[in-house]
Amino acid sequence: MSFSFATDLDAFVAGDPHEAFTQLRREEPVSWQRLPMLHGPDQGFWLVMRHHDVVQVSRDAEGYVSNEGTLLVDHPPSTAPPPWTMIKSEFCSLDGAVHRAYRDLLSPSFTSKAIAVLETRIKARAERLVSEAFAEDGFDVAEKLAVPFPVGVVLGDLLGLPEEDRFRAAYWSDVLSAPEDPHFKHAPDATIRAVQEMYDYAVALYHDRKAQPQDDLASVIAHARFKDGGEVSVDVFTHFFWSMILGSFDTTAASIAGGLLALIQRPAIARELRDDTSKLPLAVEEMLRWVSAVVYFRRTATRDQMLGDKKIAAGDRVALCYPSANRDEEVFENPFEFNIHRKPNPHVSFGFGAHFCLGAKLARMEMKAFFEALLARPQWLKQTGDVRHARSNFLNRIHTLPVEVTGAPCSRR
Ligand code: HEM
């Protein structure tokens, strides 16, 4: 078929190109795709569409590694100096023993018990933002709610960055994860400057929290020890810092905006949830599946092996297409129906296997708190203009969702 995952970025502006994904799933679930290179001849990668194959690759962390790059373009070479080491050593890009050591160090901060401490603050933040937004006649969901809420939670409540620095940190993530998105209007050298600025900031934060620990995750990491007793050096701290910024708030923002859009378009479901918020946990799972905030993560094959009916060679890039896996007809009944009662709902929106999202519990808590605050309002929302998605094949973000505050079309009966 003619769809090119790497170059048809315009196809993502109206949301994920599900027609093309469905066709690929049916006709060529593991397909070879062209990858144009800025310098040198074009290269390629395997695009994996089916749930079964995405799970198979994700669970085989030895046969498919992450350290060559998690995006289609390779990581900087191993000889690259700091600040590039920070990019290469972010969690998703680590394998084997180092990955396990990093995860063991951070996991205790993401257990149900650990994040329960944040719940009151998260709920208060959701209620405040929702109440401020609803005080206006109309607003943009991304600008007023979906983005500031997780930025405040992850970069503020969790990591401990002061208010004035949070949007700078969010900017670094936007530059690095969406360099080609015109929404952000990045200057041509923005990436290089962002990496340096972020590195310098992380180094300063490390020294600050070493000297004056506070009640935040930055301090926990700066003072933590690995299982072998080793301390977290300033360089290693920068790896953790970038891991906490990349894909932590923008994924949650995408899931909130996309989930809310699904409810605005389906007032009967919004009404049902409002009448019984105990249905929210299942509804949140369906929003996560429906939106599939991360479009792909990449692996690199370490040996020749079969995937579906294709021969994958050692060294080949392999991209796992989560939104496609989450609409796989062989796993989900009526996958194009937004069904808040879906159970089981084995979506792969948080990945699968060794790299399963460390922040999944926190993201679920954020989404539940957000929708509880929203559904408690006596008013509801009506869409007033076009939705604009990111021009990105990596993150399914919503940049613009204009709404007006309406009466109470879904008031309690
Ligand atoms: C709805 C929101 C979120 C979605 C959809 C999401 C999605 C994902 C996915 C697909 C992966 C797998 C990467 C891979 O297989 O290579 C992942 C990993 C990860 N996520 Fe999330 N994420 C979300 C929220 C968060 C939050 C709130 C945090 C932290 C505050 C976080 C931190 C991480 C980390 C550290 C990893 C790497 C884990 C590892 O490599 O061992 N995520 N996430």
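In this report, we go over the structure that sits alongside the text.

Examining the coordination of the iron atom of the ligand
Phase 1 of the analysis: If you check the protein contacts of the iron atom of the ligand, you find one donor only, Cys357 (SG), at 2.3 Å.
Phase 2 of the analysis: Relative to the elements of secondary structure, cysteine 357 occurs in the loop between α16 (322-325) and α17 (360-375).

Quick look at the side chain of serine 89
Phase 1 of the analysis: Mapped onto the elements, serine 89 comes out in the loop between α3 (84-88) and α4 (96-106).
Phase 2 of the analysis: In terms of polar contacts, serine 89 uses its side chain to reach the backbone carbonyl oxygen of threonine 85, at 2.9 Å.
Phase 3 of the analysis: In this view, serine 89 contacts Leu94, Tyr102 and His239; residues no more than four positions away in its chain are not counted.

Thoughts on the sheet that holds strand β3 (residues 64-65)
Sheets are built from strands that pair by backbone hydrogen bonding, the pairs being arranged parallel or antiparallel.
Phase 1 of the analysis: If you walk across this open sheet you meet the 5 strands as β1-β2-β8-β5-β3, and the pairing is mixed. Each edge of the open sheet carries a strand with a single partner, namely β1 (30-35) and β3.
Phase 2 of the analysis: Against the sheet, helix α2 (residues 51-59) makes contact with β1, β2 (43-48), β3, β5 (296-301) and β8 (317-321), and its axis sits at roughly 125° relative to β8, the strand it touches most.

Quick notes on the site of the ligand
Phase 1 of the analysis: Close to the ligand lie 31 residues, the nearest being His99, Arg103, Arg299, His355 and Cys357.
Phase 2 of the analysis: Measuring from an oxygen atom of the ligand, one finds a backbone N or O atom of phenylalanine 91 at 3.4 Å.
Phase 3 of the analysis: The site holding the ligand turns out to be the largest cavity.
Phase 4 of the analysis: Going through the elements one at a time, α4, α8 (148-158), α13 (250-264), β5 and α17 are the ones with two or more residues in the shell around the ligand.
Phase 5 of the analysis: Here the residues of the shell around the ligand sort into 18 nonpolar, 10 polar and 3 charged.

A closer look at the layout of surface pockets
Phase 1 of the analysis: Reported here for the largest pocket is a volume of approximately 1200 Å³.
Phase 2 of the analysis: Considering the residues around the largest pocket, the lining is formed by 34 residues, among which Leu71, Val73, Leu176, Pro179 and Glu180 are closest to the centre.
Phase 3 of the analysis: Mapped onto the lining of the largest pocket, the elements with two or more residues apiece are α3 and α9 (163-177).
Phase 4 of the analysis: Considering every element that reaches the lining of the largest pocket, the biggest residue donor is α9, with 3 residues.
Phase 5 of the analysis: Split into classes, the residues belonging to the lining of the largest pocket amount to 20 nonpolar, 9 polar and 5 charged.

A few points about empty space enclosed by the protein
Phase 1 of the analysis: Applying the stated criterion to the full structure yields 2 cavities of 30 Å³ or more.
Phase 2 of the analysis: Counted as a void, the largest cavity has a volume near 740 Å³.
Phase 3 of the analysis: Around the largest cavity sit 39 residues that line it, and Leu246, Gly247, Cys357, Leu358 and Gly359 are the ones nearest its centre.
Phase 4 of the analysis: Put simply, the parts of the chain that give the lining of the largest cavity at least two residues each are α4, α8, α12 (234-245), α13, β5 and α17.
Phase 5 of the analysis: The dominant element in the lining of the largest cavity, judged by the number of residues it contributes, is α17, at 4 residues.
Phase 6 of the analysis: Tallied by class, the residues present in the lining of the largest cavity amount to 22 nonpolar, 13 polar and 4 charged.

Definitions and cut-offs
Residues numbered from 1 in each chain as written. Predicted model: local features only at pLDDT ≥ 70, side-chain atom pairs only at ≥ 80, totals over all residues. Heavy atoms only, no water. Donors = N, O, S within 2.8 Å, 3.2 Å for Na, K, Ca; no water. Helix = DSSP H or I, 4+ residues; strand = E, 2+ residues; numbered from the N terminus. Polar contact = N/O pair within 3.5 Å; in protein donor to acceptor, adjacent residues only side chain to side chain. Contact = heavy atoms within 4.5 Å. Pairing = 2+ DSSP bridges. Axes fitted to C-alpha atoms, helices over the stretch in contact; angles between N-to-C directions. Near = heavy atom within 4 Å. 1 Å grid on protein atoms, 1.4 Å probe; cavity = no way out; pocket = protein on both sides within 12 Å on 5 of 7 lines; lining within 4 Å. Sits in = over half its atoms within 2 Å of the grid points. Nonpolar A, V, L, I, M, F, W, Y, C, P; charged D, E, K, R; others polar. Points joined across faces, edges and corners; volume = space filled by probe spheres on them.

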